[in-house]
Amino acid sequence: MVLLVPELTFMTGLPERKRDNRMVKDVLRETMQSPQQHHAHLTRLLRRIRESPEASQELMRWGLHLDPDIHRTQGRVLPAERLSLRHGSFLPAEDLVWNKEVTREASITTVSMNYWLLVYPKRVQSVAKDLVTTMENVCGPLGMRVSRPALVELKDDRIETYAKTIRGILGAEDKVQLLLCLISGGREDLYSAIKKLCCVQSPVPSQVSQGLGGTAAAALGSSPGVYSPPSQVINVQTLAGQPSKMKAVVQKVLLQINCKLGGELWGVDIPL
């Protein structure tokens, strides 16, 4: 058995069989700490070792001594980079998060969504309508233009139903800019299957990081020569709740879509 000191170890990943939303949040809370928080944890660890007779005796047996504080060195502080948008620029906050700025002003370049498809199961019809309305309301400040989508309603949310419908659409249409799919629940198999179908024929941007399961692969198969536009998959659960929550999610989704279609969100000055 190997015993690890939590304050001196770094997690590189989570096993798939043990991964869930609560665990991921707990791990991020412990690992995504500021330098001040990390220093405080190490200081408490040193104090616990110093105040423990057993630990002090073990260190003495090995001829080791721990300083009461971690080693300090003078580091170089780089100046903040100014980020540019279409009509202005700004300096990011200390936490290096600029979500508010990029959703209040237009991106450097944007691509209009003139012909796109929204695929969803029948039981989330109301969510689909609210999503389209919210996209039309928030696209203006981002500098985007979002036309009404072609709505494709599915009778159920089985992988085979999504696969057959999407394959038929892509085989009949050659001007689809984007395929936006709504899925219900944490359907990793369905998510991977949709992304595989839309990305396997052409190297378009994708957020899928997991492999495709056997059932999904069998349902999808392959269709040589089928046009594959960029795709976006949204879990309906992320859109549930208050309208402000849906607005925040839709803003981030539109920024992702703009990038996938070839737009440019923000930039920095490179003196070359």
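Predicted model only: the values in this text are computed from it and were never measured.

Asker: Help me out: how do you make sense of the pattern of salt bridges in this one?
Answerer: Where charged atoms from two side chains of opposite charge come close, those side chains can pair. Inspection of the entire model under this criterion finds six salt bridges. For Arg61, the salt bridge identified is with Glu58, shortest N-O distance 2.8 Å. You can see Arg61 and its partner Glu58 sitting in helix H3 (residues 53-61), three residues apart, about one turn around the helix. Among the ionic contacts, a cluster of salt bridges with common partners joins Asp156, Arg158 and Glu160.

Asker: How should I be thinking about the nonpolar core in this particular structure?
Answerer: In summary, soluble globular proteins display a tendency toward joint burial of nonpolar side chains. Residues Met113, Trp116, Leu118, Leu131, Met135, Leu182 and Leu254 are the most contacted members of the largest nonpolar core, which totals 33 residues. Those elements giving two or more residues to this core turn out to be strand S3 (116-121), helix H5 (125-142), strand S5 (178-183) and helix H9 (243-260). Here the element with the most residues in this core is H5; it accounts for eight residues. With residues near it in sequence (within four places) discarded, Trp116 still touches Met135, Val146, Ser147, Arg148, Pro149, Ala150, Leu178 and Leu180.

Asker: How should the sheet that holds strand S1 (residues 83-84) be read in this particular structure?
Answerer: With respect to topology, three strands assemble into an open sheet ordered S2-S1-S7, the strand pairing being antiparallel. In the strand order of this sheet, the two ends are held by strand S2 (89-90) and strand S7 (267-268), each with one partner. Direction of pairing for S1 relative to S2: antiparallel, over a ladder of two bridges. Pairing of Ser84 across the sheet is with Ser89, part of S2.

Asker: When you look at the environment of Glu30 in this model, what are you seeing that I'm missing?
Answerer: Mapped onto the secondary structure, Glu30 falls in helix H1 (residues 21-31). Residues Glu30 and Pro6, 24 residues apart in the sequence, show an inter-C-alpha distance of 9.8 Å.

Asker: Can you help me understand the environment of Ile234 in this one?
Answerer: With respect to the helices and strands, the residue Ile234 is situated in strand S6 (residues 231-235). Looking at Ile234, the relative accessible area reads 5%, which means it is buried. Through-space distance from the C-alpha of Ile234 to that of Leu180 is 7.7 Å; in sequence the pair is 54 residues apart. When neighbours within four sequence positions are excluded, Ile234 is seen to be in contact with Leu131, Leu180, Cys181, Leu182, Ile183, Leu239 and Val253.

Asker: Just to check I follow, could you spell out helix H2 (residues 35-51) for this structure?
Answerer: Every α-helical turn comprises 3.6 residues, leaving residues that sit three or four positions apart pointing alike. Given a rise of 1.5 Å per residue, 17 residues ought to cover 24 Å, and the 24 Å separating the end C-alpha atoms of H2 matches this to within 8%. Leu42, Leu45 and Leu46 are the residues of H2 that are buried. For H2, the arc enclosing every buried residue in end-on projection is 95°, short of the 170-degree limit, so these residues lie on one face. Opposite the packed face of H2, turned more than 90 degrees from it, sit the exposed residues Gln36, Arg48 and Glu51.

Criteria and cut-off values
- Residues numbered from 1 in each chain as written.
- Predicted model: local features only at pLDDT ≥ 70, side-chain atom pairs only at ≥ 80, totals over all residues.
- Heavy atoms only, no water.
- Salt bridge = Lys/Arg side-chain N within 4 Å of Asp/Glu carboxyl O.
- Helix = DSSP H or I, 4+ residues; strand = E, 2+ residues; numbered from the N terminus.
- Core = buried A, V, L, I, M, F, W, Y, C linked by side-chain atoms within 4.5 Å.
- Buried < 20%, exposed > 50% of the residue type's maximum accessible area, 1.4 Å probe, protein only.
- Contact = heavy atoms within 4.5 Å.
- Pairing = 2+ DSSP bridges.
- Expected span 1.5 Å × (residues − 1).
- Arc of directions from axis to C-beta.

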